[in-house]
Amino acid sequence: MPLSDLLSPWIGLGVVLALLVLAEKWIHSHLYGVGWLLTNDQRSATALYYVILMPGVFLHEFTQWLMAGALNVATKRVVAWPEAQADGTLRLDFVQIRRASWLQSAIIGAIPLITGTALIWVISNHILNLEDFIAALDTRDLALIGAAIQDLGSTPDFYLWLYLMFAMSNGMFTTPADRKGWPLLLGIFAACIAFLVVIGVGEVLLETFTGPVAHTVEVLTTAFGAVLTVEVLAIVAIGFLEEILERATKRKFDYEIGRASCRE
């Protein structure tokens, strides 16, 4: 069996996730910039920034709080209003754990990504039926694509679902603190795979990874691809709004590596 059959689904997922991370960073920075242009105040810009992304922030913090409780891990702080910021860096540390093992930390850190992915998959495949829309795009038939766009736009509460996908995707990704226990967990997983290969079940593993696992990865790639499409649309809208505000206010928000500064 060609190695490409095994790797291609994972490569596709990795590319989409990498693009999503880049899009998320841009959106975070420029959402804050739009807030500052509207208010000319760091505290107000910070508040507006968090309000817009509130579903994603809530998803991240609430799921971690629930999982910490399920694992009997005490939390240090549950609610705190974000302090005024000078740039668009989404703080996702409102729920802090006191003491936890590496395995507990890994599970708690991963739960927002797992939950967010599941919710986005449900919205994209069972509410918006984006798989049908993507299939229509693949045909390159303008009539089919037009009909698919009409069907998509006629979904009840279409814009609300798009907003929820946008907000959740911008709050579900893990922070460096969330990933503390991951290297050891991944190392154990790799060791288990190597052990199974050594004892002679490599063929079964290969069939599993090129069958059910590959299909699951492709479904995830489709869901994240739908999110990426929403992110790109958001980037266009935010960029357009920022340009209008810069011209209207005669002010500009400057983005620099590691910090943001403002000038008239």
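That block above? That's the structure.
Residues numbered from 1 in each chain as written. Predicted model: local features only at pLDDT ≥ 70, side-chain atom pairs only at ≥ 80, totals over all residues. Heavy atoms only, no water.

**Examining the overall build of the protein**
Along its length, the protein carries ten helices and four strands. Reading the helices (α) and strands (β) of the protein from amino to carboxyl end gives α-α-α-β-β-α-α-α-α-α-α-α-β-β. When burial is assessed residue by residue, the protein has 36% of its 264 residues classed as buried. Counting only contacts in the protein whose residues sit at least 6 apart along the sequence, the fraction spanning at least 24 positions is 75%. Accessible surface computed for the protein: about 15,100 Å², of which carbon and sulfur atoms make up 68%. (Helix = DSSP H or I, 4+ residues; strand = E, 2+ residues; numbered from the N terminus. Buried < 20%, exposed > 50% of the residue type's maximum accessible area, 1.4 Å probe, protein only. Contact = heavy atoms within 4.5 Å. Areas by Shrake-Rupley, 256 points an atom, 1.4 Å probe, with all protein chains shown as cover.)

**Looking at the pattern of salt bridges**
It is possible for side chains of opposite charge to pair when their charged atoms get near one another. Scanning all chains against the criterion turns up two salt bridges. Note that E243 is salt-bridged to R247, the shortest N-O span being 3.0 Å. Highlighted residues: E243 and R247, both in helix α10 (residues 212-249), separated by four residues, approximately one helical turn. On the accessibility criterion, R247 (60% relative accessible area) is exposed. For E246, the salt bridge identified is with K252, shortest N-O distance 3.7 Å. (Salt bridge = Lys/Arg side-chain N within 4 Å of Asp/Glu carboxyl O.)

**Thoughts on the packing of aromatic side chains**
Remark: the centre distance and the inter-plane angle together describe each pair of aromatic rings, the angle taken between the planes. The tally for this structure, following the rule as stated, stands at five aromatic pairs. Ring geometry for Y32 against Y49: centres 6.3 Å apart, planes inclined by 90 degrees, an arrangement best described as edge-to-face. Taken together, the residues Y32 in helix α1 (residues 3-39) and Y49 in helix α2 (residues 42-52) connect sequence positions 17 residues apart. Ring pairing ties together the aromatic residues Y32, Y49 and Y50, which thus form one cluster. Sitting above the plane of the W36 ring, R251 keeps its charged end 5.0 Å from the centroid. (Phe/Tyr/Trp six-rings, centres within 6.5 Å; stacked < 30°, edge-to-face > 60°. Lys NZ or Arg CZ within 6 Å of the ring centre and 35° of its normal.)

**Here's the deal with the side chain of E231**
By the element assignment, E231 lies in helix α10. Buried E231, no salt bridge; nearest opposite-charge side chain is K25, N-O distance 12 Å. Discounting chain neighbours no more than four positions away, the residues touching E231 are L20, A23, E24, I27, F166, S169 and N170. (Lys, Arg positive; Asp, Glu negative; His and termini not counted.)

**Quick look at a nonpolar patch on the surface**
A grouping of M54, F58, F62, W65 and L66 is seen on the molecular surface, where their side chains present a nonpolar patch of about 480 Å² in accessible area. Here W65 falls in the partly exposed class, since its relative accessible area comes to 36%. (Patch = residues over 30% accessible without salt bridge, like charges linked within 9 Å, V, L, I, M, F, W, Y side chains within 5 Å.)

**Quick look at the nonpolar core**
As a rule of thumb, nonpolar side chains are buried together in soluble globular proteins. Formed by 43 residues in total, the largest nonpolar core has its most connected members in L20, L31, I120, L128, M165 and F166. Looking at this core, the elements with two or more residues in it are α1, α2, α3 (54-70), α4 (102-127), α5 (130-139), α6 (142-153), α7 (158-169) and α10. In contact with I120, other than residues within four places in its own chain, are M165, M168, S169, M172, A223 and V227. Core analysis: the next-biggest nonpolar cluster, separate from the first, contains five residues, M67, A68, I108 and I111 among them. (Core = buried A, V, L, I, M, F, W, Y, C linked by side-chain atoms within 4.5 Å.)

**Details of the packing of α5 against α6**
Two elements in contact, α5 and α6, have axes whose closest approach is 8 Å; the angle formed by their N-to-C orientations is 160 degrees. Relative to α6, the element α5 is oriented roughly antiparallel. Judged by the sense of rotation from one axis to the other, the crossing of α5 with α6 is left-handed. Residue-level inspection shows L130, F133, A136, L137 and T139 of α5 in contact with α6, the latter providing L144, I145, A148, I149 and L152. In terms of residue class, the contact of α5 with α6 is made up of nine nonpolar, one polar and no charged. (Axes fitted to C-alpha atoms, helices over the stretch in contact; angles between N-to-C directions. Parallel < 35°, antiparallel > 145°, perpendicular 65-115°, else oblique. Left-handed = near helix turned anticlockwise from the far one by under 90°. Nonpolar A, V, L, I, M, F, W, Y, C, P; charged D, E, K, R; others polar.)

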